[in-house]
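The lines below spell out each chain.
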Amino acid sequence: MTKLRYLRKVLRVAAAPLLATVLLAACDSGSSPAAPAAGNAVKPGSADQLALGRYLAKAADCAACHTTASGAPFAGGVELASPFGKFYGSNITPDKQHGIGKWSADQFYKALHDGVTPDKHLYPAMPYTSYRSMTRADSDAIYAYLMQQKPIAVPSKEADLKFPYNMRFGMMFWNVPFLKNSLSDASAGQSPAWLRGQYLSNALGHCAECHSPRGAFGQLDLSKPLAGAALGRVAAPNITPAGLAAVGWTAADLQTFFATGIAPQGSAYGEMFPVVHLSTQYLNKDDLNAVTTYLLGDKPLPPEAVKAINADAAELDAGKRLYTAVCAGCHGFQGEGKPHVAVAMKGNSTVRNADPHNLIVAMLDGIEAQKFPGTESLQDMPGFAGQLSDKELAQLSNFLRAAWGGQAADITPDRIKGMRLTAAH
């Protein structure tokens, strides 16, 4: 679990302090857009506020950064790997020495909204660039919930960053051009469900932090919202309306996926597994519908059918033989999958993705055994980096993509070799 969380956090990287010329960039001066709250107004300190805070802490996926697999809730310590060095999730229990026990609700809101704590600027490894749109009422509810948790006297680990990234004061300059009052939308809509989903996805769920590409300084590229990013070993796919339709997602299947982690298009793995495990499975039915509505838009595009592909018959036959020998026992001879064992290859969104990155990663590295909400679970998938050659893995990939993905059979052994070497580093 911890390893999976690390992969997720690679996509949430802090940028270096900017050069002086960057300070000339204009700061966003627009006002924060109105965002629907998670529920009706609640009385401060009431049981209703605490219950709301608990729900919102899950919707905001706080545990992924602030709770280790073996540690106390919210006591911090999760390692967040990045190209700039290592970050560590901080202690956000109400411990007065090591946690947030001395913080006021105002100071907690300022940390979420501005990335500034009572004693320092935060790196955007803590996604305040998305949390900035969170309402004050929701921030107060999360604060009230956290302040009711057991104080844990565990010091927060300092970030281990290379120079000049360890110059934390530089974040005040980074914020000038890059901290925006709102994020760009990948879909269009005005319905109550779409507006609610916008808030859940952009603010609380901070989907853009993983699924939007980043610029040279580590900032979100707001011109390509949710278009996918590949900074980690497992890439975050394109989840724009067009991107989802291209690999066959429907509204019903998306809701099932967020609630259970598994759907006809495949299962949550890599960075998405802890998202479902710690966050989206706890969303209520209306909020699941809202997130889905926002991602697809008020007028969803129809899911695309798998295209027929012409490819070299000899190469496809070689790939089919490999599939029969090493894959069919779990995934089915017709790619139909097996319940509680392995997902289907036919119609699988990873197989259908135009970018074969994650398909190749799964074949090289394998996927750990996974238990999903409810009764569903999947066995571990072994990695074949040590069993199959670059040529064999290319043939296998091309068979899967051409037979069940509607994608060109154009993966070369050199592509496999390059990704194998990346894994070694």
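Quick caveat, the model's predicted, so the values are computed rather than measured.

1. Focus on the packing of aromatic side chains
Line of reasoning, step 1. Per the stated rule, a full pass over the model turns up 13 aromatic pairs.
Line of reasoning, step 2. Both rings, one in Y323 and one in F399, keep their centres 5.8 Å apart while their planes meet at 45°; by these two values the pair is tilted. With a gap of 76 residues between them, Y323 in helix α14 (residues 313-326) and F399 in helix α18 (residues 390-405) connect regions that are remote in the sequence. As far as the burial class goes, Y323 and F399 line up, both buried.

2. Observations regarding the pattern of salt bridges
Line of reasoning, step 1. Following the criterion strictly, the structure yields 12 salt bridges and no others.
Line of reasoning, step 2. Where E79 meets K86, a salt bridge forms, and the shortest distance between an N and an O atom there is 3.7 Å.
Line of reasoning, step 3. The shortest N-O distance in the salt bridge between R214 and E209 comes to 2.9 Å. The burial state of R214 is the same as that of E209; both residues are buried.
Line of reasoning, step 4. A cluster of three or more residues bridged by salt bridges with shared partners is formed by D106, R136 and D140.

3. Points about the packing of helix α8 (residues 192-204) against helix α13 (residues 285-296)
Line of reasoning, step 1. It is the contact of α8 with α13, at a shortest axis distance of 7 Å, that shows an interaxial angle of 90°. When the axis of α8 is compared with that of α13, the two are roughly perpendicular. Across from A193, W194, R196, G197, Q198, L200, S201 and N202 in α8, the residues of α13 making contact are D287, N289, A290, V291, T293 and Y294.
Line of reasoning, step 2. Here the residues of the contact of α8 with α13 sort into 6 nonpolar, 6 polar and 2 charged.

4. A look at the confidence of the model for the chain
Line of reasoning, step 1. Summarising the model, the chain shows a mean pLDDT of 89, and 90% of its residues fall at 70 or more.
Line of reasoning, step 2. Under a pLDDT of 50 for its full length, residues 1-39 has, in the predicted model, 114 contacts with residues more than four places off or in other chains.

5. Some points on unusual backbone geometry
Line of reasoning, step 1. Going from F163 to P164, the amide bond is cis rather than trans, its omega being 5°.
Line of reasoning, step 2. In this model, H206 sits at a positive phi of 40°, which is unusual for a non-glycine residue.
Line of reasoning, step 3. Take H206: it is sitting in the loop between α8 and α9 (208-211).
Line of reasoning, step 4. We note that L226 has phi near 60°; this positive angle belongs to a residue other than glycine.
Line of reasoning, step 5. With respect to the helices and strands, L226 occurs in the loop between α9 and α10 (241-246).
Line of reasoning, step 6. With a relative accessible area of 4%, L226 lands in the buried category.

6. Examining the environment of Y128
Line of reasoning, step 1. Considering the arrangement of structural elements, one finds Y128 in helix α5 (residues 128-131).
Line of reasoning, step 2. Taking relative accessible area as the criterion, Y128 reaches 0% and is therefore assigned buried.
Line of reasoning, step 3. Sequence spacing of Y128 and E209 is 81 residues, and the spatial spacing of their C-alpha atoms is 9.8 Å.
Line of reasoning, step 4. A distance of 2.7 Å separates a polar atom in the side chain of Y128 from a polar atom in the side chain of N175.

7. Thoughts on the nonpolar core
Line of reasoning, step 1. Core analysis: the largest hydrophobic core is formed by 91 residues, its most contacted members being Y323 and L400.
Line of reasoning, step 2. If we skip the residues at most four places from it in the chain, Y323 touches A328, H331, G332, F333, G335, M345, L396, F399, L400 and W404.

8. A word on the sheet that holds strand β3 (residues 160-161)
Line of reasoning, step 1. Spatial ordering of the open sheet is given by β1-β2-β3, a layout of 3 strands whose pairing is antiparallel. Of all the strands in the sheet, the pair left with one neighbour each is β1 (79-82) and β3.
Line of reasoning, step 2. Bridge count for β1 against strand β2 (residues 85-88) is 4 bridges, and the pairing is antiparallel. For E79, the partnering residue across the bridge sits in β2 and is Y88.

9. Quick look at α14
Line of reasoning, step 1. Its 14 residues give α14 an end-to-end C-alpha distance of 20 Å, which sits within 8% of 20 Å, the value for a rise of 1.5 Å per residue.
Line of reasoning, step 2. Restricting attention to buried positions, one finds in α14 the residues A318, G319, L322 and Y323. For α14, the angular spread of buried residues about the axis comes to 140°, placing them on one side. In α14, the exposed residues that point more than 90 degrees away from the buried face are A313, A314, R321 and A325.
Line of reasoning, step 3. In this structure, the buried residues of α14 make contact with α15 (328-331) and α18.
Line of reasoning, step 4. At the N-terminal end of α14, a side-chain oxygen is found 3.1 Å from the backbone nitrogen of A314, two or three residues along, and the residue is D312.

So, how was this worked out
Residues numbered from 1 in each chain as written. Predicted model: local features only at pLDDT ≥ 70, side-chain atom pairs only at ≥ 80, totals over all residues. Heavy atoms only, no water. Phe/Tyr/Trp six-rings, centres within 6.5 Å; stacked < 30°, edge-to-face > 60°. Helix = DSSP H or I, 4+ residues; strand = E, 2+ residues; numbered from the N terminus. Buried < 20%, exposed > 50% of the residue type's maximum accessible area, 1.4 Å probe, protein only. Salt bridge = Lys/Arg side-chain N within 4 Å of Asp/Glu carboxyl O. Axes fitted to C-alpha atoms, helices over the stretch in contact; angles between N-to-C directions. Parallel < 35°, antiparallel > 145°, perpendicular 65-115°, else oblique. Contact = heavy atoms within 4.5 Å. Nonpolar A, V, L, I, M, F, W, Y, C, P; charged D, E, K, R; others polar. pLDDT = per-residue confidence, 0-100. Polar contact = N/O pair within 3.5 Å; in protein donor to acceptor, adjacent residues only side chain to side chain. Core = buried A, V, L, I, M, F, W, Y, C linked by side-chain atoms within 4.5 Å. Pairing = 2+ DSSP bridges. Expected span 1.5 Å × (residues − 1). Arc of directions from axis to C-beta.

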